[in-house]
Amino acid sequence: MASPRSFGQPGPPPPPPPPPPARLLLLLLLPLLLPLAPGAWGWARGAPRPPPSSPPLSIMGLMPLTKEVAKGSIGRGVLPAVELAIEQIRNESLLRPYFLDLRLYDTECDNAKGLKAFYDAIKYGPNHLMVFGGVCPSVTSIIAESLQGWNLVQLSFAATTPVLADKKKYPYFFRTVPSDNAVNPAILKLLKHFQWKRVGTLTQDVQRFSEVRNDLTGVLYGEDIEISDTESFSNDPCTSVKKLKGNDVRIILGQFDQHMAAKVFCCAYEENMYGSKYQWIIPGWYEPFWWEQVHTEANSSRCLRKNLLAAMEGYMGVDFEPLSSKQIKTISGKTPQQYEREYNNKRSGVGPSKFHGYAYDGIWVIAKTLQRAMETLHASSRHQRIQDFNYTDHTLGRIILNAMNETNFFGVTGQVVFRNGERMGTIKFTQFQDRREVKVGEYNAVADTLEIINDTIRFQGSEPPKDKTIILEQLRKISLPLYSILSALTILGMIMASAFLFFNIKNRNQKLIKMSSPYMNNLIILGGMLAYASIFLFGLDGSFVSEKTFETLCTVRTWILTVGYTTAFGAMFAKTWRVHAIFKNVKMKKKIIKDQKLLVIVGGMLLIDLCILICWQAVDPLRRTVEKYSMEPDPAGRDISIRPLLEHCENTHMTIWLGIVYAYKGLLMLFGCFLAWETRNVSIPALNDSKYIGMSVYNVGIMCIIGAAVSFLTRDQPNVQFCIVALVIIFCSTITLCLVFVPKLITLRTNPDAATQNRRFQFTQNQKKEDSKTSTSVTSVNQASTSRLEGLQSENHRLRMKITELDKDLEEVTMQLQDTPEKTTYIKQNHYQELNDILNLGHFSESTDGGKAILKNHLDQNPQLQWNTTEPSRTCKDPIEDINSPEHIQRRLSLQLPILHHAYLPSIGGVDASCVSPCVSPTASPRHRHVPPSFRVMVSGL
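The rules behind these values
- Starting from 1, residues in each chain are numbered consecutively following that chain's sequence as written.
- Only residues with pLDDT of at least 70 get local features here, since the model is predicted, and only at 80 or more are side-chain atom pairs given and counted; chain-wide, interface and lining totals rely on the full set of residues.
- Note that water and hydrogens are dropped before the side-chain values are worked out from all heavy atoms of the structure.
- Going along the chain from the N terminus, every DSSP run of H or I of four or more residues is numbered as a helix, and every run of E of two or more is numbered as a strand.
- Burial classes follow relative accessibility: with a 1.4 Å probe on protein chains only, a residue under 20% of its type's maximum area counts as buried, one over 50% as exposed, and anything between as partly exposed.
- The contact criterion used is simple: two residues touch if any of their non-hydrogen atoms lie within 4.5 Å.
- Only the protein chains shown count as cover for residues, with accessible areas throughout obtained via the Shrake-Rupley method and a probe of 1.4 Å.
- A patch consists of residues whose relative accessible area exceeds 30% and which take part in no salt bridge; residues with like charges are grouped when within 9 Å of each other, and nonpolar side chains (Val, Leu, Ile, Met, Phe, Trp, Tyr) when within 5 Å.
- A pairing counts as a salt bridge when a side-chain nitrogen of Lys or Arg comes within 4 Å of a carboxyl oxygen of Asp or Glu.
- We define a polar contact as two N or O atoms separated by no more than 3.5 Å, with the added condition that, inside protein, one atom must be a possible hydrogen donor and the other a possible acceptor, whereas residues neighbouring each other in sequence contribute only through side-chain atom pairs.
- DSSP calls a pair of strands paired once it identifies at least 2 bridges connecting them.
- To get an axis, a line is fitted to the C-alpha atoms, and for a helix only the part in contact is used. The angle between two axes follows their N-to-C directions and goes from 0 to 180 degrees.
- A helix's residues, less one, multiplied by 1.5 Å, set its expected span.
- Here is the rule for handedness: rotate from the far helix to the near one, and if that takes an anticlockwise turn smaller than a right angle the crossing is left-handed, while a clockwise turn gives right-handed.
- Ten residues, namely Ala, Val, Leu, Ile, Met, Phe, Trp, Tyr, Cys and Pro, are considered nonpolar, four, namely Asp, Glu, Lys and Arg, are considered charged, and the remaining ones, Gly among them, are considered polar.
- In these notes the angle categories are as follows: under 35 degrees is roughly parallel, over 145 is roughly antiparallel, 65 to 115 is roughly perpendicular, and the rest is oblique.
- Note on terminology: a nonpolar core comprises buried Ala, Val, Leu, Ile, Met, Phe, Trp, Tyr and Cys residues joined through side-chain atoms within 4.5 Å.
- Under the pairing criterion, centres of Phe, Tyr and Trp rings, with the six-membered ring standing for Trp, must be within 6.5 Å; the plane angle then separates stacked pairs below 30 degrees from edge-to-face pairs above 60, leaving the rest tilted.
- What counts as a disulfide here is a pair of cysteine sulfur atoms lying within 2.5 Å.
- For every residue, the predictor assigns a confidence score, pLDDT, that lies between 0 and 100.

**A look at the overall build of the protein**
Moving on, step 1. Within the protein, the regular secondary structure consists of 29 helices and 20 strands.
Moving on, step 2. Residues classed as buried in the protein amount to 47% of the 942 residues present.
Moving on, step 3. In the protein, the share of contacts with a sequence separation of at least 24, taken over all contacts with a separation of at least 6, comes to 75%.
Moving on, step 4. Of the roughly 46600 Å² of accessible surface on the protein, 57% is carried by carbon and sulfur atoms.

Below is the structure:
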């Protein structure tokens, strides 16, 4: 063994020859050793022996040859190719007057044995000009690292490990076979050819494969190709395969040996990562029919053979091309195909090796290198011969190194060119089709071109797989037919509202319509039409308008619907409040509530709406947001996924603002329910809409709750959501308008006076009824205390006495008038009918609650003039009995009727007592004389 310093520096001079006994022993054993180790100390096996006068150019051959080593078949398989190359070189006299003397040394793929063989060749062999060989990566790397110290250039034909590409560490190392990293530019070219821009890597935790992956990362960097996921494994690849699928990796670049390949494809089958959507690209240097060899191992992982083959179908293998496919003559004058035939004939019973073409070209590289080196030496002034080389000759070592870098010829493996010691060779692509590997293309590293063989690549789909799931973002739109149908229904609703508006305006002077506040009815119709109009805006989405317009519509439709709701129900509730204010007037004072006041109330409600909406728009306006949903498969079966998009009108604090609006509208609805309940017993149909208001509030409330819930649950289905919202608005608006106007329309057509007759004075009061009643009086609402009642009774008695005195005066006047026939006839004809009306009125007052209203109104207007609730005959019997005789009544009615007429008209809604008849002048008759307020009293005796 050499000393440690021999790895980096030239070793000591060769030792002296062994002593005579040892030399004699070596000569005796040499005939026995040569058959056992062919070429160990001589030329290549089978090569013709050179003439004795030809000096040899010794080449050190390091490779495994023994059968006990798996890679020994490589060395044995390339020897026929080496013999062919040496024979052809000698025949062409390429190195005249020298000949190549290849001396083989068996490294056995063992570091120690390989290193010993190298140093034995250095110590005991001739001065070798170059080193040929290096199969096993570990042995080759150790020897290649020490070459610079011996000024030896090594040329390998089978060492593909990327580690040896480091020229700083291995400056004297060359190889005719492309390294494992040489496939990466070819892969890059293939990815670009099929426009795959997103890949993932799956690497076995072995240095060889890790080096290739790291180099691939550098090759793809800056080429607009993304490595979306990098996974590695030691023994079980299933977890890594599952992660690749989770990251949506479609193009998988694998780096693992054939034993792990079976496990990988079994895992791919379990994860369904095969077929038309996936493309596997793995090393192509596996043994032929490797899946058959590892089938037993695959079965142990619960993967059937058919499952393994199904997952493997279509994978691509990448490896160097053993022989060029071009029909071009090589440096030897023969085409690659001719050489292959000669090689097969030469190897006889030796198994073939995939590296034989690179070994053949390697011998030619050595020959051409030595030829150029001799030419360089011949041209120099040193007159040095090449056979004078020794391991300390640095100059000749550099000459050989430079000559090696200048190599450029066409060999049986293609164009032989070195770039930083690396072979720029040809990479082939194969595809697994129907249980066999088919060549589909090749990459020329020298020209940097990719050639795909026509109609050889078969993808399982109609096109190459996509490099990722193609996500087609699809905006979910409202169906045009649905929008058209709902728009037609909305137009019908607006036509109906317009008909109600025409009806209301046309009949505004009708007593029925006039009593129902036509202006408020118009506002109800306006609110309904605004609600109808909002449906058109709710149906406009990104398929009809631009994004900016849609954002504007978000605000507009919210304002229109909110204002329409408040306008309709605000007017309805304001009208009901007026009825409540009149009929719930406890003090029975005469109140006049005009429509202007109701408009102010509705305006106040709208002002609250506007304040809320303006603050909403100023602080947190509605924006267009796009919600993305989970991906869905393409209905057409294409290799794409559809990601639905849905437009929404939202803001940061959407819940708060909706809560404010809902709270306000809810309070408005509760207020309307309260008014409807309070006025439920008002029996004037023209005024009492409480039943219809209750029905409207009930329907609107229920429909809004159901519609809001269903709309929220179907927010991912715009057609369903729009349909629900539109139908709720149409239903609520239509029901509300119909409940308000249809009864009036029917009543006006059938019996227009029924709503204002018979029951016009009835109303309900939530007060306690008095227990004390008399047969001739009615109970007043909210009767005063007992003390006040007694005072009113005494005052009534005084007034009745006053009436008695007046009756006497009237009697005298009557007697005088009886003397004039014309006056008597006038009184009879003009006042008998009024007498009947007054009597009927008195009867009506005693039999209905309306009389209570008349009496109460009269007492409020004349608090100092009130009448007794007891029968007059019980308080002042004698005077009244004298004047109540039939004779006296007949005569005084003609003068009492005008007084009573003017006294009672204000109580029943007529003209004031101070006013005169609009038809007859004050001087036309004595019955139109002004009557003092003290006489505005009704005597129960009448």
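Don't stop here, the text continues.
**Looking at a nonpolar patch on the surface**
Moving on, step 1. Taken together, I485, L489, I491, L492, I495 and L727 make up a surface patch of nonpolar side chains, about 540 Å² in accessible area.
Moving on, step 2. Inspection of the secondary structure assignment puts I495 in helix 16 (residues 480–506).

**Some words on the side chain of D319**
Moving on, step 1. Turning to its location among the elements, D319 is positioned in strand 10 (residues 316–320).
Moving on, step 2. Here D319 falls in the buried class, since its relative accessible area comes to 5%.
Moving on, step 3. Among the polar contacts made by the side chain of D319, one reaches the side chain of K354 at a distance of 2.7 Å.
Moving on, step 4. Not counting residues up to four positions away in its chain, the partners in contact with D319 are V183, G284, W285, K354, I427 and K428.

**Comments concerning the pattern of salt bridges**
Moving on, step 1. Following the criterion strictly, the structure yields 24 salt bridges and no others.
Moving on, step 2. K113 serves as the salt-bridge partner of E108, at 2.9 Å between the closest nitrogen and oxygen.
Moving on, step 3. Note on K113: relative accessible area 44%, which makes it partly exposed.
Moving on, step 4. For R385, the salt bridge goes to D388, with nearest N and O atoms at 3.3 Å.
Moving on, step 5. A network of salt bridges, in which partner residues are shared, links E321, K439 and E442.

**Side note on the sheet that holds strand 4 (residues 153–156)**
Moving on, step 1. Taken in spatial order, the 5 strands make up an open sheet running 2-1-3-4-5, and their pairing is parallel. Of all strands in the sheet, those with a lone pairing partner are strand 2 (99–106) and strand 5 (173–175), marking the two edges. Along the sheet, successive strands turn relative to each other by an average axial angle of 25°, direction set aside.
Moving on, step 2. Sheet strands touched by helix 4 (residues 137–145): strand 1 (56–63), strand 4 and strand 5. Its angle to strand 4, the strand with the most contacts, is close to 160°.
Moving on, step 3. Relative to strand 3 (residues 130–133), helix 14 (residues 356–379) is tilted by about 170°, and along the sheet it contacts strand 1, strand 2, strand 3 and strand 4.

**Overview of helix 16**
Moving on, step 1. Helix length check: helix 16, at 27 residues, gives a terminal C-alpha distance of 38 Å against a target of 39 Å (1.5 Å per residue), a fit within 8%.
Moving on, step 2. Residues L482, Y483, L486, S487, T490, G493, A497, F500, F503 and N504 constitute the buried set of helix 16.
Moving on, step 3. Against the buried residues of helix 16 lie helix 17 (511–515), helix 18 (518–538) and helix 23 (718–750).

**Comments concerning the packing of helix 2 (residues 72–91) against helix 13 (residues 336–347)**
Moving on, step 1. Where helix 2 meets helix 13, the closest approach of the two axes is 9 Å, and the angle between their N-to-C directions is 115°. The chirality of how helix 2 crosses helix 13 is right-handed. Judged by residue contacts, G77, P80, A81, E83, L84, E87 and Q88 of helix 2 engage Y339, E342, Y343, K346 and R347 from helix 13.
Moving on, step 2. Partitioning the contact of helix 2 with helix 13 into residue classes produces 5 nonpolar, 2 polar and 5 charged.

**Concerning the sheet that holds strand 12 (residues 414–419)**
Moving on, step 1. The strand order 11-12-13 describes an open sheet built from 3 strands, whose pairing is antiparallel. Edge positions in the sheet fall to strand 11 (408–411) and strand 13 (422–423), since each has one partner strand and no second.
Moving on, step 2. Here 2 bridges tie strand 12 to strand 13, and the two strands are oriented antiparallel to one another. Pairing of R419 across the sheet is with E422, part of strand 13.
Moving on, step 3. The strands that helix 14 touches are strand 11, strand 12 and strand 13; relative to strand 11, the one it contacts most, it runs at about 145°.

**Quick notes on the packing of helix 18 against helix 23**
Moving on, step 1. Between helix 18 and helix 23, the shortest axis-to-axis distance is 10 Å and the interhelical angle comes to 165°. Comparing the axis directions of helix 18 and helix 23 gives the class roughly antiparallel. Read as a crossing pair, helix 18 and helix 23 show a hand that is left-handed. Here helix 18 contributes N521, I524, I525, G528, A531, Y532, S534, I535 and F538 to the contact with helix 23, which in turn contributes F722, V725, A726, I729, I730, S733, T734, L737, V740, F741 and K744.
Moving on, step 2. Residues belonging to the contact of helix 18 with helix 23 are distributed by class as follows: 14 nonpolar, 5 polar and 1 charged.

**Regarding the nonpolar core**
Moving on, step 1. In this structure, L100, F118, F132, F157 and L370 are the most contacted members of the largest nonpolar core, which totals 107 residues.
Moving on, step 2. Take this core: its biggest share by element is 12 residues, from helix 14.
Moving on, step 3. Not counting residues within four places of it along the chain, the set of residues in contact with L370 comprises L57, I59, L95, L100, L129, M130 and I386.
Moving on, step 4. Formed by 55 residues, the second largest nonpolar core is a distinct cluster that contains A531, V563, I593 and C649.

**Things to note about the packing of aromatic side chains**
Moving on, step 1. One pass over the full model with this rule turns up 30 aromatic pairs.
Moving on, step 2. A ring pair is formed by Y565 and F569, whose centres lie 5.0 Å apart and whose planes are at 35°; its orientation type is tilted. You can see Y565 and its partner F569 sitting in helix 19 (residues 547–583), 4 residues apart, about one turn around the helix.
Moving on, step 3. You can call Y565 buried: its relative accessible area is 17%.
Moving on, step 4. Site record: aromatic cluster; members linked through ring pairs are F209, F265, W280, W285, Y286, F289, W290, W291, Y315 and F432.

**Quick notes on the state of the cysteines**
Moving on, step 1. If you walk through the whole model with that rule in mind, you get 4 disulfides.
Moving on, step 2. The side chain of C109 participates in a disulfide bridge whose partner is C136; the two sulfur atoms lie 1.4 Å from each other. Here the residue C109 occupies a position in the loop between strand 2 and helix 3 (111–124), and C136 occupies one in the loop between strand 3 and helix 4, the gap between them amounting to 27 residues.
Moving on, step 3. Since its relative accessible area comes to 21%, C109 is described here as partly exposed.
Moving on, step 4. Judged by relative accessible area, which is 6%, C136 ranks as buried.
Moving on, step 5. Disulfide partner of C266: C303, at an S-S distance of 2.3 Å. Note on the C266 and C303 pair: the S-S dihedral is about -90°, so by sign convention the disulfide is left-handed. Here C303 lies in the loop between helix 11 (295–300) and helix 12 (305–312) and C266 lies in helix 9 (residues 258–270), a separation of 37 residues in the sequence.
Moving on, step 6. Unpaired in this structure, C615 has its nearest cysteine sulfur neighbour in C611, at a distance of 6.5 Å.
Moving on, step 7. By relative accessible area, C615 is classed as partly exposed at 40%.

**Details of the confidence of the model for the protein**
Moving on, step 1. Confidence in the prediction of the protein, expressed as mean pLDDT, is 76, and 74% of residues score 70 or more.
Moving on, step 2. Confidence drops under pLDDT 50 across residues 820–881; counting only partners more than four residues distant or on other chains, this segment forms 99 contacts.
Moving on, step 3. Taken as a whole, residues 900–942 scores under 50 in pLDDT and shows 65 contacts with residues more than four places along the chain or in a different chain.

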